[in-house]
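Next come the chains, spelled out residue by residue.
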Amino acid sequence: METSSSDSVDRWETADYEPGKWDWAAAQVEAYEASGGTEANTLLETGLPILIMWTIGHKSGKLRKVPLMVVEHNGEYAIVASKGGAEAHPAWYHNLVADPRIRIQDGPEPSDYELRQVSGEERAVWWVRAVAAYPPYQEYQDKTEREIPVMVASPIA
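Residues numbered from 1 in each chain as written. Predicted model: local features only at pLDDT ≥ 70, side-chain atom pairs only at ≥ 80, totals over all residues. Heavy atoms only, no water.

**What about the pairing of strand β7 (residues 150-155)?**
Regular strands have side chains that alternate between both faces of the sheet. Applied cut-off: Summary of the burial criterion: residues with accessible area below 20% of their type's maximum are buried, those above 50% are exposed, and those between are partly exposed, where the area comes from a 1.4 Å probe applied to protein chains only. Elements are defined by DSSP. Helices are runs of H or I of four residues or more, strands are runs of E of two residues or more, and each kind is numbered from the N terminus. We call two strands paired when DSSP finds no fewer than two bridges between them.
Burial of β7 is extensive: five of the six residues sit out of reach of the surface. Pairing of strand β4 (residues 76-80) with β7 involves four bridges; the strand directions are antiparallel. Residue Val80 lies in a different strand from β7, and its bridge partner there is Val150. Here strand β6 (residues 110-117) runs beside β7; their pairing, made up of five bridges, is antiparallel. Directly across from Gln117, in β7, lies its bridge partner Met151.

**Thoughts on helix α4 (residues 120-133)**
Residues spaced three or four apart along an α-helix face the same direction, because each turn holds 3.6 residues. Using the following cut-off: Helix span is expected to be 1.5 Å times the residue number reduced by one. When checking whether two residues touch, look at their non-hydrogen atoms; a contact exists if any pair is within 4.5 Å.
If you check α4, its first and last C-alpha atoms are 20 Å apart, about what 14 residues at 1.5 Å a residue would give, namely 20 Å. For α4, the elements touching its buried residues are β3 (72-73), β4, α5 (136-142) and β7.

**Structural notes on helix α2 (residues 23-34)**
This is how the line gets drawn: Directions from the helix axis toward the C-beta atoms define the arc.
Under the 1.5 Å per step criterion, the end-to-end length of α2 is 16 Å for twelve residues, consistent within 8% with the ideal 16 Å. Those residues of α2 that sit buried are Ala25, Gln28, Val29 and Tyr32. The arc that holds the buried residues of α2, viewed along the axis, is 100°, so those residues lie on one side. Pointing more than 90 degrees away from the buried face of α2 are the exposed residues Asp23, Glu30 and Ala34. If you follow the buried residues of α2, they end up packed against β1 (50-56), β2 (63-69) and β5 (101-105). Taken from the residues just after α2, Gly36 is the one with a positive phi, measuring 65°.

**Topic: unusual backbone geometry**
In this model, Ala40 sits at a positive phi of 55°, which is unusual for a non-glycine residue. Mapped onto the elements, Ala40 comes out in the loop between α2 and β1. A positive phi is found at Lys83, a non-glycine position, where the angle reads about 45°. Looking at the secondary structure, you find Lys83 in the loop between β4 and α3 (91-98).

**Let's talk about the pairing of β2**
Taken across its seven residues, β2 has six buried, putting it largely inside the fold. Pairing of β1 with β2, which is carried by seven bridges, proceeds in the antiparallel orientation. Residue pairing across strands places Thr55 opposite Arg64, the latter belonging to β2. Taking the residues between adjacent antiparallel strands as the criterion, β1 and β2 are bridged by six residues, where Gly61 takes a positive phi near 75°.

And the structure:
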């Protein structure tokens, strides 16, 4: 289904925002957005950069905002559904499968992206980039039986 940029704007502006269950993540999103991305833009004490991913809940229809590690290459981003190596995918992963249109804020202004889940050689290339950006991803993969999904977000023109 093709969407125009005005459809995209409308969906983000009309959906009710509901923070996630983790207070630290909700607080980080709030501080990041309030500062235009100049504050709360790193993962807790690591100093590694984060972005804010916007999705629409596939069941609730609510706007969700999730802080994630920045894994960027040539204007595209890897979205890594690691959940710390848990056996289940993070809840937001199911939103991405149901609707691959997301918004990413990596700095002062958010932009719209379309996702595709990658596999095989393409996943391997993005996995190396992800682990280089955030080495614990490899520990997470090593402790779970599931293959951690990697999705690539490409800008929507």
